[in-house]
Structures are given as C-alpha cells and as structure tokens.
Amino acid sequence: MKKSERDEYDKTYGLYKFKRPLPSEIESAMGLVGESILFKKLISADYERFYDPIKIPEEGDWLMTHKEFGQTYNEYIQNDCYQVDPNHNVIYIHRFSSNDDLIKDELFQNVIILLEAFFTGMKVYLYDEGTNYLNNNNENDNENENNNNENNNNNNENNNNENNNNENNGENNIENNNNMENNVDNNNIIKNAQNEKMAINADQLLEKLKLEMPEDAYCVFGIIDNDLYTESLSYNGKRLIKSTYCKRSIQDRVAIFSLARFDPFFNFNGKINNLSKEQKYKISLILLKRICNAITREICYMFGMKNCIFLSCCMNGTNVTEFDNKQIELCPICLRKLVTNIKANGEDIKTYRVKKPLIVFNRFVKMRDALDNFAGIYENEIKWFDARIDFLKGLI
Ligand SMILES: [Zn+2]
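Reading guide: rules and limits
Residues numbered from 1 in each chain as written. Predicted model: local features only at pLDDT ≥ 70, side-chain atom pairs only at ≥ 80, totals over all residues. Heavy atoms only, no water. Core = buried A, V, L, I, M, F, W, Y, C linked by side-chain atoms within 4.5 Å. Buried < 20%, exposed > 50% of the residue type's maximum accessible area, 1.4 Å probe, protein only. Helix = DSSP H or I, 4+ residues; strand = E, 2+ residues; numbered from the N terminus. Contact = heavy atoms within 4.5 Å. Phe/Tyr/Trp six-rings, centres within 6.5 Å; stacked < 30°, edge-to-face > 60°. Lys NZ or Arg CZ within 6 Å of the ring centre and 35° of its normal. Donors = N, O, S within 2.8 Å, 3.2 Å for Na, K, Ca; no water. Tetrahedral: all angles 85-135°; square planar, octahedral: opposite > 155°, others 65-115°.

**Student:** When you look at the nonpolar core in this model, what are you seeing that I'm missing?
**Tutor:** Here is a general trend for soluble globular proteins: nonpolar side chains tend to be buried in one another's company. In this structure, Phe119, Ile299, Phe303, Met315 and Leu330 are the most contacted members of the largest nonpolar core, which totals 87 residues. By residue number, the principal contributor to this core is helix α10 (residues 277-302), which donates eleven residues. Residues contacting phenylalanine 303, with those up to four places away along its chain left out, are Tyr76, Asp80, Cys81, Tyr82, Val84, Ile91, Phe119, Met122, Tyr218, Leu338, Asn341 and Ile342. Grouped together as the second largest cluster of nonpolar side chains are 14 residues, Ile200, Ile224, Leu228 and Ile256 included.

**Student:** Explain the packing of aromatic side chains here, please?
**Tutor:** Enumeration over the complete set of coordinates arrives at 13 aromatic pairs. Look at tyrosine 218 and phenylalanine 303: their rings are 4.6 Å apart centre to centre, the planes differ by 35 degrees, and that puts the pair in the tilted class. Of this pair, tyrosine 218 sits in strand β6 (residues 217-224) while phenylalanine 303 sits in the loop between α10 and α11 (332-344); the two residues are 85 residues apart in sequence, bridging distant segments of the chain. Just as tyrosine 218 is buried, phenylalanine 303 falls in that class too. Each member of the aromatic cluster is reached from another via a ring pair, and the members are Phe50, Tyr51, Phe364, Trp384, Phe385 and Phe391. Over the ring of tyrosine 9 we find arginine 20; its NZ or CZ atom is 4.7 Å from the centre of that ring. The ring of phenylalanine 108 has arginine 95 lying over it, and the distance from NZ or CZ to the ring centre is 4.3 Å.

**Student:** Explain the coordination of the zinc ion to me, please; I cannot follow it from the model alone.
**Tutor:** Six octahedral donors around a metal ideally subtend angles of 90 or 180 degrees, whereas four tetrahedral donors ideally subtend 109.5 degrees. Here the zinc ion is held by the protein donor atoms Cys308 (SG), Cys313 (SG), Cys331 (SG) and Cys334 (SG), which lie 2.3 to 2.4 Å from it. For the zinc ion, the four donor atoms are set out with angles of 103 to 115 degrees between them, so the coordination reads as tetrahedral. Written as a sequence motif, the donor arrangement for the zinc ion is C-x4-C-x17-C-x2-C. For the pair cysteine 331 and cysteine 334, a shared accessibility class is recorded, and that class is buried.

Below, the structure written as structure tokens:
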C-alpha cells in the first residue's frame, strides 16, 4: 500500500476516532479460512467491485458520536450467535395496528415477501392484532393510575447511550426530539402536541410479546404505528420518560418497533387527509422503504449480529436521519454470519461444513425478485443484484 493510501486509512473521524478498516482487516473479518472454494467465491468474489467502502462519517452521522467495535464472523460465531434450530425457525411479525391510510395491506405483504427473501430458509408469519390492544392497554393503565400520581411526568429526554448492543437498545432512542412538547397523562400515555397519536409504553408491549411467544418462534417482532416510550427512575428517584423507536430484548428474542418517526407526516397529523391519492401513494412508498430498511436490520440484531464497521452495509450504525440513504443488503461479512446461522439450522455450527453454498446465490435471486414488487423504489438495488447475480453465475 502506498504511503498516501495508508495515510487515508490513518485518518480518524468523530468523537471516538473511528478509522476505516484496512482491506486486510475486512478479509480477515469474513473468516473464510477452511470454507469450500465455491462458498468463498459466492460470499466474497470481487467484493471490492460490488460493495462500497463504509461511508466516511460526516457531521450528524452515527459514527461521529458513537463508539463501535465491529464484530467479525468468528466473534459472531464464538460469542454472539443465536443459532436457528428446526423447531424454532419462524420469524413472527406482530402488527399491533395498521396505518391503513398510508400503507395498504397489499403493500405490507411485500414487506413479508422481502423478509422471506432476506432471511432465506426461515418462515415469516404476519399476525395482525388491529387496534384492540391499545384499548385494553388504556384499561390496564387506569388500574395503575394511583401509583403514578406523584411522579413528575414532564421529562422527555433523549438517550445517546453509546453501548448499542445492550438489551435496552440505547442506539435506537430518538435523537432529534427538540420540537416535541410531550405531556404524559396519568394513564401512561404520552400525547404529543404536534401529533394526536398516543405514545405507548414499550416495556409493556415487549412483556406482552414475551408472554405470547409461539412455540416455534425464533423471534417475535412487534410493529406499531404509535410512538413508543420507556420509563426509568433517575438517581434521585425522579421518573424519566424517553422516546424511542425500538426496544428489544435479544436474550428473549422479542422487539417492538414504532413506525411513527418513519412516517413523513409524523409531525403533521391530520394534513394527510388533504392529499391526493397519488401523493398518498408516493408517501406510502417512502415509508415502506424506511420500514424495510429498518426491519431487516432490527431482525438481524435478533440473530445476535452487531453494528457493522467494515463495508457499506445495512448493519452500519444509523441515526434516523440516515435511513433514507441506507442500503438494503448486507456486506459479505454480515451475509456470511446470517447465511451460516440459517443454513446450519440445528447442526453444530463449529463442525458444520458448507454443504449448500448455493443458498447464497439463491438468496440473491430471491432478494432481487422481492425488491421488484416495490414499484420502482429499489431500482438501483435491483440493478446491483442483477449485476451480482450475473457475475456469480459465471463462477458456479
Ligand atoms: Zn456488514
């Protein structure tokens, strides 16, 4: 490597002095030693041509303010992998409510098709609960009312917790919340001044998902239109309320995810009624893309995968504002983690030899076809998959 090139890699960015990984570090992170030649090719052949380097962080980007250690393939397998087994191989998407104004059910079905492609080998079931839970929740909260009367409920603070891999998901807390004027009432419901939708207690929903987890579930992923919040006590006993768009328990493999902040009309409640059908449809596609990008990534966390620092990847740490420019696909390192876990499906990963490397190729084809359902919002991605598929065909 030339000195000038080396100097580029030595540059540091942000509060925690992030450095771009060297090509040798990227290749080592793939952990392909000992794998079959075909599997190696399908995962990594010509990766520098097909996969962009990780984006150099700019002001406002995740990496400017968060410390990331990355996770190599070997670290994943040794420490973090939640192995799929044949008796627990269903991803459940539990929809608590559906914003039918924006996303019609037939569009949402495409999200399920995409998840089936992304997590090839897993089953994906959609469970729709409608809005009943919200009503029940209000009743339950009324019972707790007396316990909360004396708390000061006016705090809505952001959490910039740097440890993105803990059970409380600090990374997912909303960071740009200054224009909100939240008012927490005695029913544990936050009403946002700009948005009449109620915010819901994320811990309660997570508990519900845990209790109702089906026997064959690998994970349960809840989706709700309303904003979410979590609460805790400060060191001096004061009740703290924090807005969040996702809360997960990796250990229990449940997560609850709010679409509210991904909705372009989050702060303009009511105005959507004045839009034409065509305008609504366009907005629904923006929202749909954000949902797909976020959900695939969130479910990867359920597999024990951590934020990626090696290449441009859907597992890169991301602020809400970065979601629209995010790619939908995994880099070779993260793809290797996912595919190996799903492929092993009950066998001992440590001794597992690659028997079906073609799962990688078939997954690319499925992803390409699934993205085709999204009315043109994934044009660039489809071109990428076409090129990758064409190239790999020549190697098989
Ligand atoms: Zn990655």
